[in-house]
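# A structural walkthrough
Residues per chain, in single letters:
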Number of protein chains: 2
Amino acid sequence: MSKALPTRSENYSEWYNELVKRADLAENSAVRGCMVIKPYGYSIWEKMQRALDDMFKETGHTNAYFPLFIPKSYLSKEASHVEGFAKECAVVTHYRLKNDPDGKGVIVDPDAKLEEELIVRPTSETVIWSTYKNWIQSYRDLPLLINQWANVVRWEMRTRLFLRTTEFLWQEGHTAHSTSAEAVAETEQMLNIYAQFAEEWMALPVVKGVKTANERFAGAVNTYCIEALMQDGKALQAGTSHFLGQNFANAFDVKFQDKDGKLEYVWGTSWGVSTRLMGALIMAHSDDAGLVLPPKLAPIQVVIVPIYKNEEQLNLISEKATEISKALKKLGISVKFDNSDAYKPGYKFAEYELKGVPVRLAMGARDLENGTVEVARRDTKTKETVSLEGIAEFIQTLLDNIQESIYNKALAFRDENTTKVDSFEEFNQLLDSKGGFILAHWDGTSETEEKIKEETKATIRCIPLNQEQESGVCIYSGKPSAGRVVFARAY
Amino acid sequence: MSKALPTRSENYSEWYNELVKRADLAENSAVRGCMVIKPYGYSIWEKMQRALDDMFKETGHTNAYFPLFIPKSYLSKEASHVEGFAKECAVVTHYRLKNDPDGKGVIVDPDAKLEEELIVRPTSETVIWSTYKNWIQSYRDLPLLINQWANVVRWEMRTRLFLRTTEFLWQEGHTAHSTSAEAVAETEQMLNIYAQFAEEWMALPVVKGVKTANERFAGAVNTYCIEALMQDGKALQAGTSHFLGQNFANAFDVKFQDKDGKLEYVWGTSWGVSTRLMGALIMAHSDDAGLVLPPKLAPIQVVIVPIYKNEEQLNLISEKATEISKALKKLGISVKFDNSDAYKPGYKFAEYELKGVPVRLAMGARDLENGTVEVARRDTKTKETVSLEGIAEFIQTLLDNIQESIYNKALAFRDENTTKVDSFEEFNQLLDSKGGFILAHWDGTSETEEKIKEETKATIRCIPLNQEQESGVCIYSGKPSAGRVVFARAY
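Nothing here was measured: the structure is a model prediction, and the numbers come from that model.

### Re the sheet that holds strand β4 (residues 69-71) of chain B
- Taken in spatial order, the six strands of this open sheet run β4(A)-β8(A)-β5(A)-β5(B)-β8(B)-β4(B), and their pairing is antiparallel. The open sheet has two edge strands, β4 (69-71) of chain A together with β4 of chain B, and neither has a second partner. Shown here is a sheet whose adjacent strand axes are inclined to one another by a mean of 45°, direction ignored.

### Regarding the domain arrangement of chain A
- In terms of domain boundaries, chain A breaks down into domain 1 (12-69 + 125-285), domain 2 (300-400) and domain 3 (418-488).
- Centre-to-centre, using C-alpha coordinates, domain 1 of chain A lies 38 Å away from domain 2 of chain A.

### Some remarks on the UniProt feature "domain: Aminoacyl-transfer RNA synthetases class-II family profile" (unreviewed entry) in chain A
- UniProt feature "domain: Aminoacyl-transfer RNA synthetases class-II family profile" (unreviewed entry): in the numbering of this structure it lies at residues 27-294 of chain A.
- Helix makes up 29% of residues 27-294 of chain A and strand 32%. Its end C-alpha atoms lie 22 Å apart.

### Focus on the pairing of strand β16 (residues 267-274) of chain B
Residues and elements named next belong to chain B.
- The element β16 is extensively covered by neighbouring structure, given that seven of its eight residues are classed as buried.
- Looking at chain direction, strand β10 (residues 167-177) and β16 are connected through eight bridges and run antiparallel. Directly across from H177, in β16, lies its bridge partner W267.
- Across five bridges, the pairing between strand β13 (residues 235-245) and β16 is antiparallel. Residue pairing for β16: G245 is matched across the bridge by G268.

### Examining the packing of aromatic side chains
Residues and elements named next belong to chain B.
- In the structure shown here, the tally under the stated rule is 40 aromatic pairs over all chains.
- Ring plane angle 80° and centroid distance 6.4 Å describe the contact between F66 and Y132, whose orientation is recorded as edge-to-face. Residue F66 is found in the loop between β3 (62-63) and β4, and its partner Y132 is found in helix α5 (residues 125-135); the two are separated by 66 residues along the sequence.
- For F66, a relative accessible area of 0% puts it in the buried group.
- Taking the centre distance of 5.7 Å and the plane angle of 20° together, the rings of F424 and F427 count as stacked. Taken together, the residues span about one helical turn, with F424 and F427 both in helix α13 (residues 424-432) at a distance of three residues.

### So, the relation of the copies chain A and chain B
- For the pair chain A and chain B, the superposition axis carries a translation of 0.0 Å, the fit reaches an RMSD of 0.0 Å, and the rotation angle comes to 180°. The operation mapping one copy onto its partner corresponds to a two-fold rotation axis. When C-alpha distances to the rotation axis are compared across chain A, the minimum falls at V92(A), with a value of 2.1 Å.
- The residues that chain A uses at the interface reappear at the interface of chain B in 100% of cases, marking a shared surface.

### Let's talk about the pattern of salt bridges
Residues and elements named next belong to chain A.
- Tallied over the full model, the rule gives 54 salt bridges over all chains.
- Here D253 makes a salt bridge to K133, at a shortest N to O gap of 3.3 Å. Of this pair, D253 sits in the loop between α7 (247-251) and β14 (255-257) while K133 sits in helix α5 (residues 125-135); the two residues are 120 residues apart in sequence, bridging distant segments of the chain.
- Classification of D253 as partly exposed rests on a relative accessible area of 34%.
- What emerges from the salt-bridge pattern is a single network uniting D24, E27, K38, E351 and K355.

### Thoughts on the sheet that holds strand β11 (residues 207-210) of chain B
Residues and elements named next belong to chain B.
- Strand order in the open sheet formed by 11 strands is β3-β9-β10-β16-β13-β12-β11-β24-β27-β23-β22, with mixed pairing between adjacent strands. Each edge of the sheet is formed by a strand with only one pairing partner; in this case those strands are β3 and β22 (418-420).
- Examined bridge by bridge, strand β12 (residues 222-229) and β13 share eight bridges and lie antiparallel to one another. The partner of Y224 across the bridge, within β13, is S241.
- Along the sheet, α13 makes contact with β22, β23 (437-441) and β27 (484-488), crossing β23 at roughly 170°.

### What about the packing of helix α2 (residues 39-58) of chain A against helix α2 (residues 39-58) of chain B?
- Close contact between α2(A) and α2(B) brings their axes to 15 Å; oriented N to C, the two are set at 150°. With respect to α2(B), the element α2(A) is oriented roughly antiparallel. Crossing of α2(A) against α2(B): the hand is left-handed. Residues E46(A), R50(A), D53(A) and K57(A) of α2(A) pack against E46(B), R50(B), D53(B) and K57(B) of α2(B).

What counts, and where the lines are drawn
- Residues numbered from 1 in each chain as written.
- Chains lettered and ligands numbered in written order.
- Predicted model: local features only at pLDDT ≥ 70, side-chain atom pairs only at ≥ 80, totals over all residues.
- Heavy atoms only, no water.
- Pairing = 2+ DSSP bridges.
- Helix = DSSP H or I, 4+ residues; strand = E, 2+ residues; numbered from the N terminus.
- Axes fitted to C-alpha atoms, helices over the stretch in contact; angles between N-to-C directions.
- Domains from an automatic or database assignment.
- UniProt positions renumbered as here; feature names shortened; annotations may be inferred.
- Buried < 20%, exposed > 50% of the residue type's maximum accessible area, 1.4 Å probe, protein only.
- Phe/Tyr/Trp six-rings, centres within 6.5 Å; stacked < 30°, edge-to-face > 60°.
- Least-squares fit on C-alpha atoms with pLDDT ≥ 70 in both.
- Contact = heavy atoms within 4.5 Å.
- Salt bridge = Lys/Arg side-chain N within 4 Å of Asp/Glu carboxyl O.
- Parallel < 35°, antiparallel > 145°, perpendicular 65-115°, else oblique.
- Left-handed = near helix turned anticlockwise from the far one by under 90°.

Below you can see the structure in the form of structure tokens.
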């Protein structure tokens, strides 16, 4: 709290890094690329988990748990899957250490070499489909709708807290179906759930779309995604849902007997969101004073800070604060009364701003006399003096308003930063000025996509769903296009 | 469902293994010693997690997340800790695979060798205390009360589903304190929480005690434990809580400035329970027909099975079943109406017995006429016909009774199988007949403890807390003893 945060306009990247650390969300560990998620950060993640888990269960999914380790040979069974993940995986080769004969410490015991190396799961399709083989015989065993909450490891070369870490936490849904249509419907249903979660809980508007072949999940027939826009004009992929076709069923020989007794390969999906969402949440809403949290995900929704000159005043304020806290808790609102005398009110105000507590109540001697309290909103930084009568209901409504207002602000920002562009010059100019989502025509070839990426660092975030039909010519090649796609530089 | 389970008296071990698989709790995976926790098993674990997590939070703990990987050198920093864990740990040595130049498949890329090997955490004291070093400067930063839910890996040579697996799920609490007394109080508090959870949720009576030096956690000053008795007369350690003294603070140089400005090493605790509890739950209560679940942990508390001859009857029964279901759900009771026509009622009865559903309602044509329903208890296998009037409240009370009754049965069993023994002959006889908890005098030396273990395979489960003062002579050495300890063969 000694130094101010770097501002977003000064250095957006440093602002993010510092904010994550100072707001007690996460920090780097001694193991390169692995983070420690601190209690305050973890409590936001827990709220995300709970909300998502409820949505998964409401749509008929159950949780299970599959092993951390994948035999090396399993990874190779699906050709494009191994291509996508082999280059960045942690490999377990031994199962024992022994004392270093040359001195202190321990060394790997060469006699404890594994016959087959194990991969720390980068994602679990292979281990799960090898299991599904035993669980699925008949159409009666389908659909299989399973999710797991787990840690995964991808050996990333450049890492950033929450956005790209070697180990991260996520959920991965893996479902099996008897028809292609049902699997596609599941893929789309989960995409919609992710979008709903992002918008209703994270207050984050997202574009739903389909990835190009280049950006597809390794092993998928089709990858759906939600894309969000950050305040620096860069895009962030916030969740993906994959239609796997029969690829993993083929690789692991998973067949079922249909109603006519015919053996068919099973159709699959997988879908996931991760602690990356924490990065999206932070970057989408926060400001130069610190975090701005949508009330639905805030670990502390209301903080009460007493302003007092003596013990007697503090006691009287505490009494009122206890009443308010009780009334708020009754409405399911989380509240903290910070009566510690180690810090002055000004320090506390700054601290709770940094932590993104949506509503701050300050109560002093005059408030006691008048039966009022000062109510400050974190998102707009506005204050008003409010009567204590019906204060809990007032705050309940206020929290709803804040949630909506944060969403609307993010939506307005995205709308302002979504631009139709019809020439490559304009495209380049825009990328180098404000960035944002750029809607442009593309000829549909990977070649053009890659050239644009090389020259501009912008990628096709998605081919948006439900867009208006419009033909045109590719901004790069001049060849015909079937519709605009969303370009952006991205996290 | 085709074959009956092996019975407990025939082969207790086989009965357990088969029950775990057939009741859809867990199965072995392709990776030696790693299990797949199936959806039904996982939903029981989720209930355990929720209950424990609530208890931890009520006592001021928060969750966080620390890395999966531990640098090899960290493990060595606490001498007895490395001694305890080095022999059974999974070691990551490389971070990439590459295509096998000699053919298909992938091999470990020798160019991607890590400078320092990483250990997959067998427990997280080292990585957490290395982090605490940066979090703790002053007495104001203490106590630090943190828990994490995580997977851990210990390379076990002989594994059994839930009881001993290479990878398992657990929670590990890691707290830091400014005084020894406060750390000891925390250690004892968490032991009491585990005991309360075992008794109130798992319906499992436990003995609270302290481990001998031999059985202590590697790195602890003192290990407290809860020990439960299984139906085959073997003990099962169901949870441990460790007073770490200043051992890890020393190893990682974690000091704090006390109120007088003096630098002191921090005092620590750690405590954990794991998916092993699932094994305890299964083995403590289940019978030859399958699982017996205490209602508080049962994913489905009530199942309704219709018995019908035609569509019309089914429709009428469905109507009533829907009413009952609604009334039960209103009381927070989980209920399933199984109206599938793929199986006959008898098959369904056996299936829900196998799965341990505490209450089964069967409703047929005569019940419709009479306004009744047949209510069957899983634990006692008794049935009665009950009026539909007030059925939901009747079942609510019944579920409470079942919970209590399962606990009382387990308590009576334990009491019957807890024996004071005063000679080594009697000790041996008892071990080879019914087993159980054997209360015997011991001279307090590791030497005697080890000899008894070698000769009888029985270990000292714990030195019980709160036992009556009684001196005597060691059953093995004849030397003086300060009190009886609990011996048993154990899982």
